[in-house]
Amino acid sequence: MPELPEVETTRRGIAPHVEGREIGEVIVRQSRLRVPVPADLADRLVGARIGSLARRAKYLLLPLAGGDSAGATLLWHLGMSGSLRIVRLGELPRKHDHLDLVLDDGAILRYHDPRRFGFVDWLAGSVEEDSRLRRLGPEPLSEAFDGERLYRLSRGRRVAVKPFLMDNAVVVGVGNIYASEALFMAGIDPRRAAGRISAERYARLAAAAKEVLAAAITQGGTTLRDFVGGTGEPGYFKQRLNVYGRHGEPCRCCGTELRLITLGQRASVYCPRCQT
DNA sequence: CATGCTACCTGCAAGC
DNA sequence: TGCTTGCAGGTAGCAT
C-alpha cells in the first residue's frame, strides 16, 4: 500500500496526537510481523516519551526519551498493507489490528496490517547505522535527487528504467504506483534500458517524480483498497492516476489503449503512444 | 557488482 | 454458487 506519500500522510496525521505523549501501555495481539515484534518491546516502551516524528524513505521514525528508551528510536514500516491511525480509548480492535500504543491522554496509536509485511523495531543506537537505512539513496523531494543523479548512476545499466527508478539505492520512496505515473508524465517508455536514456530525459523524469509525489502528498496519498491516513480518512490521489491500474482504458492524453506488461516482477501500465 | 527470482501473508476479483 | 488461481502499495535474501 504505502509508498512515500502514504507514509508521509500517516506521519502528518498522527504526529499532533503522539508527539510529546508518554506511552502508558503496549498491547501486542500479533507479534509475527515481517520482523517479529521484540519480546521486550512493551517493557522498553512503557514510560517512554515520544519525540518529533520523522520519515526516512518509507520508514517512520519515532524518537523516544525517558526510561530505558532514552535516545532510542522506534522504526516502523507499513509494508504493503499496513496503516497507523489514532483511535479513542475503548474503541474495539478489529481483525488485523496487531499492535496498540496507549498514550497518556487516552488516545491509542493503532497498527493495522492484513498482510503483515510491515514491522516495528526498537533501535537502541544511531538510526542511520541501521542496515535497513544505511544504504538508502536520497529523498526524492530533496535537492540531492535530480536528473543528473539518475543520468550518472544509470550509465552502463541494462535494467529497465522503471525498476531502476524503484531501486532504493538510486532514490527512495518511489514505488510501483508513482514510478508508473512519473514515467508517463515524463513520456518515457518504462521498458527502455536505464543506461540508454539521455540527461535531458532524466531531468524531466526527476522533475516528474517530484511533481507526482508532492501532488499525492497534498491529496493525502492514494487509497487503492484499505489505506487510511493517521486520522482514518482515505487518500484522494487515485482520481488523479493517469496509468496505474488503468490498463485497457484510454490514455487521458491521446486516447490510445493503455498497455499492461510485467517489469521486474511488477505490473507496469503505460501508453504505447505517449511513452517512448 | 548487476540482475532476477523467491518468499513473507491475507484478501479480493476474475475465471471456470 | 463455489472453487481455484493469480495478483496486490514492499523489501530482503539468495542464486546466477
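Please read these numbers as outputs of a predicted model, since none were measured by experiment. (Residues numbered from 1 in each chain as written. Chains lettered and ligands numbered in written order. Predicted model: local features only at pLDDT ≥ 70, side-chain atom pairs only at ≥ 80, totals over all residues. Heavy atoms only, no water.)

A. Just the domain arrangement of chain A, in detail. Under the domain assignment, chain A is made up of domain 1 (4-134) and domain 2 (147-270). A C-alpha centroid distance of 28 Å is found between domain 1 and domain 2. In this complex, domain 1 contributes 19 residues to the contact, which on the side of domain 2 involves 18 residues. Across the domain 1/domain 2 interface, buried area totals approximately 1,500 Å², and carbon plus sulfur atoms make up 65% of it. (Domains from an automatic or database assignment. Contact = heavy atoms within 4.5 Å. Buried area = accessible area lost by both parts, 1.4 Å probe.)

B. Expanded view of the packing of helix H4 (residues 147-154) against helix H7 (residues 199-218). Remark: H4 packs on H7, axes separated minimally by 7 Å, with the N-to-C direction vectors making an angle of 125°. With respect to H7, the axis of H4 lies oblique. By crossing handedness, the relation of H4 to H7 is classed as right-handed. Between H4 and H7, the contacting residues are Gly-147, Leu-150, Tyr-151 and Ser-154 on the first element and Ala-199, Tyr-202, Ala-203, Leu-205 and Ala-206 on the second. Looking at the contact of H4 with H7 residue by residue, the classes come out as seven nonpolar, two polar and no charged. (Axes fitted to C-alpha atoms, helices over the stretch in contact; angles between N-to-C directions. Helix = DSSP H or I, 4+ residues; strand = E, 2+ residues; numbered from the N terminus. Parallel < 35°, antiparallel > 145°, perpendicular 65-115°, else oblique. Left-handed = near helix turned anticlockwise from the far one by under 90°. Nonpolar A, V, L, I, M, F, W, Y, C, P; charged D, E, K, R; others polar.)

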